[in-house]
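# Residue-level structure breakdown
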Amino acid sequence: MNVHRVGIIMNGVAGRMGRNQHLQRAILAIRDSGGVRIGPDEAILPDPILVGRSADKLRSLARRFDVERFTTDLDGVLSDADYPVYFDSVATQVRATNLHKAIAAGKHVYTEKPTATSTADALALAEQAEAMGFCAQRMDQLILTLTARLDAAMNGEVEAISRDDAEQWYGALGQMK
């Protein structure tokens, strides 16, 4: 079997969502199943490095999930060519700063949402990614639904959107087409 190892910097996985949803249920599940098959004798195998603020928490996670590497040095690992992918699930307040660093380092970026705490910061991230030649996109049904409603001449300012609103709007989209 020809296995292509892909190093993934996983920042913020000491938190519940990063640990359970992304590390354990996604990346490690793929790793433990032998990777993603891309041919009869070929697979892509994720190789995570855990990143965070507490070496003790990271060491415990690494032992628990049989992950070889962990570090508290984000800047150092961003310069490591063996890890071309950056994943971020840190607190939203610091996410944009880390994403700017990862984009500047030329990493492929996957992140939790929101990407930033303000529209201006989120747009700055998208502009930075675009300037670096990266494609920045987020295909989120809520965004698509909201855009369709606004395009269909929905009047007034949007102050807040709940998941129930989005589900209702999504159902209404079929009626608008």
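Residues numbered from 1 in each chain as written. Predicted model: local features only at pLDDT ≥ 70, side-chain atom pairs only at ≥ 80, totals over all residues. Heavy atoms only, no water.

## Side note on the packing of aromatic side chains
All chains considered together, the criterion is met by one aromatic pair. For the pair Phe87 and Tyr110, a centre-to-centre distance of 5.4 Å together with 20° between the ring planes defines the contact as stacked. Residue Phe87 is located in strand β5 (residues 85-88), and its partner Tyr110 is located in strand β6 (residues 108-111); the two are separated by 23 residues in the primary sequence. By relative accessible area, Phe87 is classed as buried at 3%. Cation over ring: Arg5 sits above Tyr83, and NZ or CZ is 5.0 Å from the ring centre. (Phe/Tyr/Trp six-rings, centres within 6.5 Å; stacked < 30°, edge-to-face > 60°. Helix = DSSP H or I, 4+ residues; strand = E, 2+ residues; numbered from the N terminus. Buried < 20%, exposed > 50% of the residue type's maximum accessible area, 1.4 Å probe, protein only. Lys NZ or Arg CZ within 6 Å of the ring centre and 35° of its normal.)

## Points about helix α5 (residues 119-131)
Helix length check: α5, at 13 residues, gives a terminal C-alpha distance of 18 Å against a target of 18 Å (1.5 Å per residue), a fit within 8%. Inspection of α5 places Leu125, Gln128 and Ala129 among the buried residues, and these make up the whole buried set. With its buried residues spanning 100° around the axis, α5 presents them on a single face. Among the exposed residues of α5, those pointing more than 90 degrees away from its buried face are Thr119, Ala120, Glu127, Glu130 and Ala131. Positive backbone phi, approximately 90°, marks Gly133, located one or two places after α5. (Expected span 1.5 Å × (residues − 1). Arc of directions from axis to C-beta.)

## Thoughts on the pattern of salt bridges
Inspection of every chain in the model, using the stated rule, returns six salt bridges. Between Asp32 and Arg31 there is a salt bridge, with its nearest N and O atoms 2.9 Å apart. Residue Arg31 is classed as buried on the basis of its relative accessible area of 18%. (Salt bridge = Lys/Arg side-chain N within 4 Å of Asp/Glu carboxyl O.)

## Notes on the environment of Val67
Considering the arrangement of structural elements, one finds Val67 in the loop between α2 (55-65) and β4 (69-71). Val67 gets classed as buried once you look at its relative accessible area, which sits at 7%. For the pair Val67 and Ile49, spaced 18 residues apart in sequence, the C-alpha to C-alpha distance is 7.2 Å. When sequence neighbours within four positions are dropped, the list of residues in contact with Val67 reads Leu28, Arg31, Pro48, Leu50 and Ala62. (Contact = heavy atoms within 4.5 Å.)

## Comments concerning the nonpolar core
Across soluble globular proteins, nonpolar side chains have a tendency to be buried as a group. Ile9, Leu74, Val77, Leu78, Tyr86 and Leu125 are the most contacted members of the largest nonpolar core, which totals 15 residues. Among the elements of the structure, β3 (42-51), α3 (74-78), α4 (92-104) and α5 are those that each provide at least two residues to this core. A per-element tally of this core places α4 first, with four residues. Grouped together as the second largest cluster of nonpolar side chains are 14 residues, Ile8, Leu28, Leu58 and Ala62 included. (Core = buried A, V, L, I, M, F, W, Y, C linked by side-chain atoms within 4.5 Å.)

## What to know about the confidence of the model for the chain
Mean pLDDT over the chain: 82, with 76% of residues reaching 70 or higher. The model gives residues 138-142 a pLDDT under 50, and that stretch makes six contacts with residues more than four places away or in other chains. Here residues 169-177 is a poorly scored stretch, pLDDT under 50, and it has 13 contacts once near neighbours within four places are set aside; other chains count. (pLDDT = per-residue confidence, 0-100.)

## A closer look at the layout of surface pockets
Empty space within the second largest pocket amounts to approximately 460 Å³. The set of elements that each furnish at least two residues to the lining of the second largest pocket consists of α1 (16-32), α2 and α4. Each residue belonging to the lining of the second largest pocket can be placed in one class, and the counts come to nine nonpolar, nine polar and five charged. (1 Å grid on protein atoms, 1.4 Å probe; cavity = no way out; pocket = protein on both sides within 12 Å on 5 of 7 lines; lining within 4 Å. Points joined across faces, edges and corners; volume = space filled by probe spheres on them. Nonpolar A, V, L, I, M, F, W, Y, C, P; charged D, E, K, R; others polar.)

## Points about the side chain of Arg95
Along the chain, the position of Arg95 falls in helix α4. Arg95 sits in the buried class, given a relative accessible area of 3%. A distance of 2.5 Å separates a polar atom in the side chain of Arg95 from the backbone oxygen of Val90. Sequence-distant contacts of Arg95, that is, excluding residues within four places in its chain, are made with Asp88, Ser89, Val90, Thr111, Glu112, Lys113, Pro114 and Thr115. (Polar contact = N/O pair within 3.5 Å; in protein donor to acceptor, adjacent residues only side chain to side chain.)

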